[in-house]
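Each chain is listed here by its residues.
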Amino acid sequence: MTPRTVTVGAAGARPCTLVVCRGCCCGNPRKYPGTDHAWQLDRLRAAAAEHGFQVRTTDCLGPCDQANVMVVQPSAAGRRAGGKATWIGFAMDDDVTDDVLRWAADGGPGVAAPSAALELQFVRPPREARARARR
C-alpha cells in the first residue's frame, strides 16, 4: 500500500473574496442611472481571474442607502493575520472600483493596506452582520 498525500483543504488556501451586492438597490440602473453596473461586475470578475481572488454576488447586503455595497473578505492568510471583513459603500465609480481591485489583488484585509481614498468608503455593516461576526 502506498502512502496517501493529504492536501490542505480549500479553506486553508481561501483567497480574498469580494461579495458584491446586486439586490433591489445595488446594481440597479433604474435607481442609479449613469453607472454601468454590468461593466463594474465584469471588471471585478476579470481582475479576479487575473489576480486569484474571488467575486461573488448576493441579493442584498443590507445598507441600501449606501449602494453600491461590497464586502471585502480576507483570505485565509489575511484572517490569520487579523484581517476582518470590510464593508465598502457608495462603490459606483471607476476610482472606487480601481481601489477595490488593487487592494484585493494585493491580498486584501490582513495582508495589504487599502488606499486612503478607499478607507473613506468604508461603512459599518448592518447590525445583523456585526452580531454574526462576534460569534
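See above for the structure.
These figures come from a predicted structure and were not determined experimentally.

What counts and how
- Residues numbered from 1 in each chain as written.
- Predicted model: local features only at pLDDT ≥ 70, side-chain atom pairs only at ≥ 80, totals over all residues.
- Heavy atoms only, no water.
- Pairing = 2+ DSSP bridges.
- Helix = DSSP H or I, 4+ residues; strand = E, 2+ residues; numbered from the N terminus.
- Buried < 20%, exposed > 50% of the residue type's maximum accessible area, 1.4 Å probe, protein only.
- Contact = heavy atoms within 4.5 Å.
- Salt bridge = Lys/Arg side-chain N within 4 Å of Asp/Glu carboxyl O.
- Phe/Tyr/Trp six-rings, centres within 6.5 Å; stacked < 30°, edge-to-face > 60°.

A. View of the pairing of strand β3 (residues 70-73). Summarising the sheet, strand β1 (residues 17-21) and β3 pair through four bridges and their orientation is antiparallel. The residue of β3 that forms the bridge with valine 20 is methionine 70. Across three bridges, β3 lies against strand β4 (residues 86-88) in antiparallel orientation. Each residue of the ladder has a partner; that of valine 72, found in β4, is threonine 86.

B. Here's a closer look at the environment of tryptophan 87. Mapped onto the elements of the fold, tryptophan 87 is located in strand β4. A relative accessible area of 10% places tryptophan 87 in the buried class. The sequence separation of tryptophan 87 and arginine 124 amounts to 37 residues, and the corresponding C-alpha distance is 6.5 Å.

C. Molecular detail of the environment of arginine 79. In this structure, arginine 79 sits in helix α2 (residues 76-80). Put simply, arginine 79 and arginine 14 are 65 residues apart on the chain and 9.9 Å apart in space, counted from C-alpha to C-alpha. Non-local contacts of arginine 79, meaning those with residues more than four positions away in its chain, are made with Arg14 and Pro74.

D. Molecular detail of the pattern of salt bridges. Considering all chains together, one arrives at three salt bridges under this definition. A salt bridge links arginine 43 to aspartate 94, with the shortest nitrogen-to-oxygen separation between them at 3.5 Å. In this pair, arginine 43 sits in helix α1 (residues 37-51) while aspartate 94 sits in helix α3 (residues 94-106), placing the two residues 51 residues apart along the sequence. Assessed through its relative accessible area of 48%, aspartate 94 is described here as partly exposed. Through salt bridges with shared partners, a single ionic network connects Arg43, Asp94 and Asp98.

E. Representation of the packing of aromatic side chains in the model. In the structure shown here, the tally under the stated rule is one aromatic pair. A ring pair is formed by tryptophan 103 and phenylalanine 122, whose centres lie 5.8 Å apart and whose planes are at 25°; its orientation type is stacked. Of this pair, tryptophan 103 sits in helix α3 while phenylalanine 122 sits in the loop between α4 (116-119) and α5 (127-134), placing them 19 residues apart in sequence. Residue tryptophan 103 is classed as buried on the basis of its relative accessible area of 4%. Relative accessible area serves as the criterion here: at 31%, phenylalanine 122 is assigned to the partly exposed category.

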